[in-house]
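Structural description and commentary
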Amino acid sequence: MAEMPENLPQPVRGFGTTFFTMFRKASTEQYPDEKVPTQPRFHGRHQLNRHPDGLEKCVGCELCAWACPADAIFVEGADNEAGERHSPGERYGAVYQINYLRCILCGLCIEACPTRALTMTNEYELADHTRESLIYTKEDLLAPLQGGMAMPPHSMVDGMSERDYYSGKVTSATPEQFAEVEARELAEEKAAEAKTDATIEAEKVASDIAKDEEQDLGGAA
Ligand code: SF4
Ligand code: SF4
């Protein structure tokens, strides 16, 4: 912008600044109609990452929660069980919550994470109408499955150790892992169907009993 000459009286210089500003290009951002991309390293909403075969990187160590100055993270670790593996190694994050009413997006938690399980995205739209909706759970924070990943729980890649996962030797889920997940989902579907059938039968019996009782009462009157 053009500089006002020093020798002009102060009021003239002031109005001159206002006058010239009227012709400057407006820098107003039309949010939310137009969203301006953030800087690539902007610290926004967190994400819990996965290994290339879909297993979770979080080992439930709670270091992120201890590092957080705002006490915004709650983690509860649990042991992986045979056939119910969520991460390579011994433990996984069974419960994971971040309270965005407390979080100041400082990034200390992601620095503390030893497995790079926790990172931050560029997403900054973190407003809502209720307190509950601003407590993000593990399901909200987990990265979606990418191509080549199988939904945990499932086994580790055959012949690979936990260390191999961190050395980048695992590049995608194997056919055996996909087959395992498919078999589990099929078994869950069947169990749900069996449960539904049992519930329908139980409801039918209860309804018959209620009808019989009504008839008995009607006869007695
Ligand atoms: S970004 Fe900072 S305030 Fe937010 S959860 Fe991480 S450590 Fe806590
Ligand atoms: S996100 Fe990282 S630091 Fe936090 S519990 Fe999981 S592995 Fe540990």
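Every value quoted in this text rests on a predicted model; they were computed, and no experiment measured them.

1. Some points on the overall build of the chain
The number of helices and strands found in the chain is 6 helices and 5 strands. Overall, the chain shows an N-to-C arrangement of helices and strands of α-β-α-β-β-α-β-β-α-α-α. By the compact-globule yardstick of 17 Å for 221 residues, the chain is too spread out, its C-alpha radius of gyration being 29 Å. Reported as C-alpha extents along the three principal axes, the dimensions of the chain are approximately 105 × 70 × 30 Å. Expressed as a percentage of the 221 residues in the chain, the buried residues total 18%. Sequence-distant contacts, at least 24 apart, represent 70% of the contacts inside the chain between residues at least 6 apart.

2. Focus: the site of ligand 1
Inspection of the region around ligand 1 gives 13 residues, with Cys 68, Cys 103, Cys 106, Leu 108 and Cys 109 positioned closest. Residues that form the shell around ligand 1 fall into these classes: 12 nonpolar, 1 polar and no charged.

3. Looking at the site of ligand 2
Around ligand 2, a shell composed of 14 residues is seen, among which Cys 58, Cys 61, Cys 64, Cys 113 and Leu 118 lie nearest. Across the shell around ligand 2, the residue classes break down as 10 nonpolar, 3 polar and 1 charged.

4. Regarding the domain arrangement of the chain
Per the domain assignment, the segments making up the chain are domain 1 (46-173) and domain 2 (174-221). Relative placement of domain 1 and domain 2: their C-alpha centres are 36 Å apart.

5. What to know about the pairing of strand β3 (residues 91-99)
Consecutive residues of a regular strand have side chains that alternate between opposite faces of the sheet. With 7 bridges joining them, strand β2 (residues 73-79) and β3 adopt antiparallel strand pairing. Each bridged residue has a counterpart across the sheet, and for Ala 78 the counterpart in β3 is Tyr 92. Here β3 runs beside strand β5 (residues 135-136); their pairing, made up of 2 bridges, is antiparallel. Each bridged residue has a counterpart across the sheet, and for Ile 98 the counterpart in β5 is Tyr 136.

6. A closer look at the sheet that holds β2
The strand order β2-β3-β5 describes an open sheet built from 3 strands, whose pairing is antiparallel. Each edge of the open sheet is held by one strand with a lone partner, namely β2 and β5.

7. Overview of the environment of Met 149
Note that Met 149 resides in the loop between α4 (138-141) and α5 (162-166). Note: C-alpha distance between Met 149 and Asn 99 (50 residues apart in sequence) is 28 Å. For Met 149, the contacting residues outside a window of four places in its chain are Arg 50, Pro 52, Asp 53, Gly 54 and Ala 173.

8. So, the nonpolar core
Cys 58, Cys 64, Ile 73, Cys 109 and Leu 118 are the most contacted members of the largest nonpolar core, which has 16 residues in total. Elements represented by at least two residues in this core include exactly β2 and β3. With 3 residues, the top contributor of residues to this core is β3. Leave out the neighbours within four places in its chain, and Ile 73 touches Cys 64, Ala 65, Cys 68, Ile 98 and Cys 109.

9. As for unusual backbone geometry
Cis geometry is adopted by the peptide bond preceding Pro 32, which originates at Tyr 31 and carries an omega value of 5 degrees. Relative to the helices and strands, Pro 32 is located in the loop between α1 (10-21) and β1 (46-48). Along the chain, Pro 152 connects to Pro 153 via a cis peptide bond; the corresponding omega equals 5 degrees. Among the structural elements, Pro 153 can be located in the loop between α4 and α5. Residues other than glycine seldom take positive phi values, yet Glu 62 does so here, at roughly 75 degrees. Locating Glu 62 in the fold gives a position in the loop between β1 and α2 (63-67).

Calculation notes
- Residues numbered from 1 in each chain as written.
- Chains lettered and ligands numbered in written order.
- Predicted model: local features only at pLDDT ≥ 70, side-chain atom pairs only at ≥ 80, totals over all residues.
- Helix = DSSP H or I, 4+ residues; strand = E, 2+ residues; numbered from the N terminus.
- Rg over C-alpha atoms; globule rule 2.2 N^0.38 Å.
- Buried ≥ 20, exposed ≤ 12 C-beta atoms within 10 Å, placed from the backbone.
- Contact = placed C-beta atoms within 7 Å.
- Near = placed C-beta within 6 Å.
- Nonpolar A, V, L, I, M, F, W, Y, C, P; charged D, E, K, R; others polar.
- Domains from an automatic or database assignment.
- Pairing = 2+ DSSP bridges.
- Core = buried A, V, L, I, M, F, W, Y, C linked by C-beta atoms within 7 Å.

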